[in-house]
Amino acid sequence: MKVKKFDTKVQHLKYEVLREVARHAFDGTLLEHYNDIPKTIVKGPKATMRCCIYKERAILAERVKLATGGDKSNPNVIEVIDIACDECPLSGYTVTESCRGCIAHRCEEVCKRGAITFDDQLKAHIDKDKCVECGMCAKVCPYSAIVNQKRPCENACKVNAISMAEGTKAAHIDNDKCISCGACVYQCPFGAISDKSYILDVIQMIKDSDHNKNFKLHAVVAPSIASQFRHVKLGQVISGLKEMGFYSVVEAAWGADLVSYRESQELVEKGFLTSSCCPAFVDYIKKAFPSLVEHISHNLSPMASIAQCMKQQDEACKIVFIGPCTAKKAEIKLDTVSPYIDSAITFEELQALFDALEIDLEHLPVDVLDNASYFGRIFARSGGLTDAVAQALKEQGVTDFEFKPIACDGIEACKKALMLASKNVLPNNFIEGMACNGGCIGGAGCLTHGVKDKNEVDEYGREAFEETITDSISVLINHS
């Protein structure tokens, strides 16, 4: 079986587990071989990246658990594998080798907690039990010898949802702050944080549909799929999905056209609006800026919007969303979305499904996607939604409304805009929020994370069959 190239060995390990779980699930032998999967992947001492093969297999057993749905008692789709999270140094201010043992001792004088002491070489040391992480010692050190070391997961999390679990070295995720963006998942060098997988649900639907005889099974794919599966043509991926058992493959970008049209109308009506397309951004508003919740667009996300239209036409059909976003796995659990989307998987998981069934994409015919317009497809990158809303206003002939958008690329940019909006000093009247840097093409569930080319997204948009948003959604509006 051909092994696809992934960014890191951590990502490849995750893929191997997903592939083996999927393979046994398709064969109906998962329960029989559940405990054997870690041994299948780690076959000898040289294969392990840990202190011993036994610990590696124990960690892989936890990965198998996540690949089969994870901890059912934990509502978060992001979970910590405690046994894998024990190699990072504790976060906090640390004295480096740059300390010269000077006699000024500015660090000691500025510390109000008495946390700074010196050894017989006059080198400074910080008592972690007394330190309150104020950072004053680092500011006054003339050699910049005191640095604030953070674990990769803490650095990656821009909403401060990660801390160290009390009494252990393992990371702890605060579900009241976490927005399921998955930034920590990709950045953890040990793969100690991962997203739950719902591939078993998808496999069961494929089986239950019985080649779409019992019900039609549809795939709704995110527009960022154009930047994935770079070893084959996009049309071959579409053919692969149909060979896997999907009746049709529909663009979420089609729903994006509908959302941009409706959000432009809602913006004119209300005068100020924040977008509803990125579930992590919406969740961030709810958790960090509750006073702005009333300004979130009442429109469903593109994924849910197109699925809603599809369910209206065929109530018995099943719909699976496929994209780069771990937060979508949380979104599909919402009461407003769950009636329309039956499951969600990432591009990582889709690759595992292809390989579990030994579907060779390179030898499949080139199918087509032709639902959406250019403007729906560019939702995949930061600024795309803003461009689409501007176009929707233009197509509807709105001339007496001044559109003043701000496109926020990444959760830190979102935080700045929302902070200003909460204080009524934001000069803009529309906030496009994308939690991932670059937009959806920077999502945690991508196969490769280095591809964030805006021009590539725009080129895919220019290949769209429909030229305008109005043309794209004419059928949807007539049936909704």
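Quick caveat, the model's predicted, so the values are computed rather than measured. (Residues numbered from 1 in each chain as written. Predicted model: local features only at pLDDT ≥ 70, side-chain atom pairs only at ≥ 80, totals over all residues. Heavy atoms only, no water.)

A.B. asks: A description of the packing of aromatic side chains should follow, citing residues and the corresponding values.
C.D. replies: This model, assessed by the stated rule, comprises 5 aromatic pairs. Summarising the aromatic geometry, the rings of Tyr284 and Phe289 are spaced 5.8 Å apart at their centres and angled 75 degrees between planes, so their arrangement reads as edge-to-face. Here the two residues Tyr284 and Phe289 agree in accessibility, since each one is buried. Judged by centre distance (5.8 Å) and plane angle (50 degrees), the ring pair of Phe403 and Phe430 falls under tilted. Pair noted here: Phe403 is in the loop between helix H17 (384-395) and strand S14 (405-409) and Phe430 is in strand S15 (residues 430-434), with a separation of 27 residues, a long-range link. (Phe/Tyr/Trp six-rings, centres within 6.5 Å; stacked < 30°, edge-to-face > 60°. Buried < 20%, exposed > 50% of the residue type's maximum accessible area, 1.4 Å probe, protein only. Helix = DSSP H or I, 4+ residues; strand = E, 2+ residues; numbered from the N terminus.)

A.B. asks: If you had to explain the nonpolar core to someone new, which residues and values would you point to?
C.D. replies: Counting 137 residues, the largest nonpolar core has Phe229, Ile322, Leu353, Phe354 and Ile431 as its most contacted members. Sequence-distant contacts of Ile431, defined by excluding residues within four places in its chain, comprise Phe272, Leu273, Thr274, Ser275, Phe281, Ile406, Cys408, Ala417, Leu418, Ala421 and Leu426. Counting 14 residues, the second-largest nonpolar core is a separate cluster that includes Cys111, Ala115, Cys131 and Ala145. (Core = buried A, V, L, I, M, F, W, Y, C linked by side-chain atoms within 4.5 Å. Contact = heavy atoms within 4.5 Å.)

A.B. asks: Tell me about the sheet that holds strand S11 (residues 273-274), and please be specific about residues and values.
C.D. replies: If you walk across this open sheet you meet the 3 strands as S11-S15-S14, and the pairing is parallel. Taken across any chain shown, the strands that pair with only one partner, and hence form the sheet edges, are S11 and S14. Looking at chain direction, S11 and S15 are connected through 2 bridges and run parallel. Residue Thr274 lies in a different strand from S15, and its bridge partner there is Ile431. (Pairing = 2+ DSSP bridges.)

A.B. asks: I'd like a rundown of the packing of helix H1 (residues 9-27) against helix H15 (residues 347-356), residues and numbers included.
C.D. replies: The contact between H1 and H15 brings their axes to 8 Å, and the two run at 50 degrees. Overall, the two elements H1 and H15 adopt an arrangement that is oblique. Like other packed secondary-structure pairs, H1 and H15 cross with a definite hand, here right-handed. Residues Gln11, Lys14, Tyr15, Leu18, Arg19, Ala22, Arg23 and Phe26 of H1 form the contact with H15, whose participating residues are Glu348, Glu349, Gln351, Ala352, Leu353, Asp355 and Ala356. Classifying every residue of the contact of H1 with H15 gives 7 nonpolar, 2 polar and 6 charged. (Axes fitted to C-alpha atoms, helices over the stretch in contact; angles between N-to-C directions. Parallel < 35°, antiparallel > 145°, perpendicular 65-115°, else oblique. Left-handed = near helix turned anticlockwise from the far one by under 90°. Nonpolar A, V, L, I, M, F, W, Y, C, P; charged D, E, K, R; others polar.)

A.B. asks: Run through the side chain of Glu263, naming residues and quoting values.
C.D. replies: Relative to the helices and strands, Glu263 resides in helix H11 (residues 252-270). This buried residue, Glu263, is left without a salt bridge; Lys270 holds the nearest opposite charge, at 9.6 Å. Residue contacts for Glu263: discarding those within four places in its chain leaves Leu273, Ser275, Ser276, Cys277, Ser297, Asn299, Leu385 and Phe430. (Lys, Arg positive; Asp, Glu negative; His and termini not counted. Salt bridge = Lys/Arg side-chain N within 4 Å of Asp/Glu carboxyl O.)

A.B. asks: An account of H15 is requested, with residue identities and associated values reported.
C.D. replies: With 10 of 10 residues buried, H15 lies mostly within the body of the structure. At the exit of H15 stands Glu358, carrying a positive phi of roughly 55 degrees.

A.B. asks: So what about the pattern of salt bridges? Which residues, and what values?
C.D. replies: Counted according to the given criterion, the structure contains 17 salt bridges. Of the charged contacts in the structure, one is a salt bridge between Arg19 and Glu20, with a shortest N-O distance of 3.0 Å. Judged by relative accessible area, which is 12%, Arg19 ranks as buried. Close ionic contact of Arg381 with Asp458 constitutes a salt bridge, the shortest N to O distance being 3.0 Å.

A.B. asks: Outline helix H13 (residues 302-313), supporting the account with residue identities and numerical values.
C.D. replies: Counted at 1.5 Å a residue, the expected span for H13 with its 12 residues is 16 Å, and the 17 Å between its end C-alpha atoms agrees. Burial analysis of H13 places 10 of its 12 residues in the buried class, the great majority of the element. Looking at H13, one finds that the buried residues are Pro302, Met303, Ala304, Ser305, Ile306, Ala307, Gln308, Cys309, Met310 and Lys311. (Expected span 1.5 Å × (residues − 1).)

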